Amino acid sequence: MKIELIKADITKLEVDAIVNAANTSLLGGGGVDGAIHRAAGRELLEECKTLGGCATGNAKITKGYNLPAKFIIHTIGPVWNGGIRNENELLTQCYQNSLNLAIENNCSSIAFPNISTGVYRFPKQQAAEIAISTVENFLSENKINKVYFVCFDDENYNIYKNILYEMK
Ligand code: APR
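Just so we're clear, the structure is a prediction, and the values are computed from it rather than from any experiment. (Residues numbered from 1 in each chain as written. Predicted model: local features only at pLDDT ≥ 70, side-chain atom pairs only at ≥ 80, totals over all residues. Heavy atoms only, no water.)

Asker: It is not clear to me how the overall build of the chain should be interpreted in this structure. Could you clarify?
Answerer: When helices and strands are tallied, the chain shows five helices and six strands. Helices (α) and strands (β) of the chain occur, in sequence order from the N terminus, as β-β-α-α-β-β-α-β-α-β-α. Projected onto its principal axes, the C-alpha positions of the chain cover 45 × 35 × 30 Å. Relative to its 168 residues, the chain shows a buried fraction of 50%. (Helix = DSSP H or I, 4+ residues; strand = E, 2+ residues; numbered from the N terminus. Buried < 20%, exposed > 50% of the residue type's maximum accessible area, 1.4 Å probe, protein only.)

Right under this line is the structure:
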């Protein structure tokens, strides 16, 4: 199966690319962004400072530095505003743009956190449905050996499990 669901700390994964749920400054923050910057080390911040930020829905790539992953793909999820600010489309673009960057950089494996479902308060069920359908559609036309959905909490893990299981 090209898609695998795991419960893990994304900073520990030895994959070609991990995806960071960053903010538009790309200069670090809390949540998974904070964990990735802490684990990757100061050089990550130095590279991020050269990128000039990133718009919501877009993605930019850096080296992985002290992480076991080769690359970090930083994407900016939408802040949930009740679904009236194009949040669904912007979250879809996060996954699409991250996957495109992975292909452009010859990554054969990529790991996604549950983008926007923490500080940005995107409803978890809806975010999982968008994540899975976007990745499924992408994989029907593009070749990436493995896509990991990395959950850090049980709620997200169970939501993803139910959707992926129902899909089989
Ligand atoms: N590994 C995997 N997933 C993690 C980890 C980790 N080490 N740490 C947190 N997560 C999960 C959270 O449990 C949540 O399900 O990542 C998901 C995304 O939550 P946030 O990190 O809060 O990201 P998001 O909701 O997209 O908000 C982004 O928060 O940290 C700031 O700088 C960041 O401003 C940006 C905003």
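Asker: How should I be thinking about the site of the ligand in this particular structure?
Answerer: Of all residues adjacent to the ligand, which total 22 residues, the nearest are Asn 23, Gly 30, Val 32, Asp 33 and Gly 118. Between the ligand and Asp 9, the relevant distance is 3.0 Å, taken from a nitrogen atom to a side-chain nitrogen or oxygen of the residue. Asn 23 is positioned such that a nitrogen or oxygen atom in its side chain is 2.8 Å from an oxygen atom of the ligand. Here the ligand has 700 Å² of accessible area as a free molecule, and 90% of this is covered by the chains. Among the cavities detected, the one that contains the ligand is the largest pocket. (Near = heavy atom within 4 Å. Polar contact = N/O pair within 3.5 Å; in protein donor to acceptor, adjacent residues only side chain to side chain. Areas by Shrake-Rupley, 256 points an atom, 1.4 Å probe, with all protein chains shown as cover. 1 Å grid on protein atoms, 1.4 Å probe; cavity = no way out; pocket = protein on both sides within 12 Å on 5 of 7 lines; lining within 4 Å. Sits in = over half its atoms within 2 Å of the grid points.)

Asker: Looking at this structure, how should I read the sheet that holds strand 4 (residues 71-76)?
Answerer: Paired through their backbone hydrogen bonds, the strands of a sheet run either parallel or antiparallel. Here six strands make up an open sheet; going across it, the order is 1-6-5-2-4-3 and the pairing mixed. Edge positions in the open sheet fall to strand 1 (3-7) and strand 3 (59-63), since each of these has one partner strand only. Adjacent strand axes in the sheet meet at a mean angle of 25°, parallel and antiparallel pairs treated alike. Bridge analysis of strand 1 against strand 6 (residues 146-151) gives five bridges, and the strand direction is parallel. Bridge pairing links Glu 4 to Tyr 148 in strand 6. (Pairing = 2+ DSSP bridges. Axes fitted to C-alpha atoms, helices over the stretch in contact; angles between N-to-C directions.)

Asker: Is there a simple way to think about the environment of Gln 93 in this case?
Answerer: Within the fold, Gln 93 resides in helix 3 (residues 87-104). Residue Gln 93 is classed as partly exposed on the basis of its relative accessible area of 24%. Distance from Gln 93 to Ala 131, taken between C-alpha atoms, is 9.9 Å for residues 38 residues apart in sequence. Discounting chain neighbours no more than four positions away, the residues touching Gln 93 are Gly 57 and Ser 98. (Contact = heavy atoms within 4.5 Å.)

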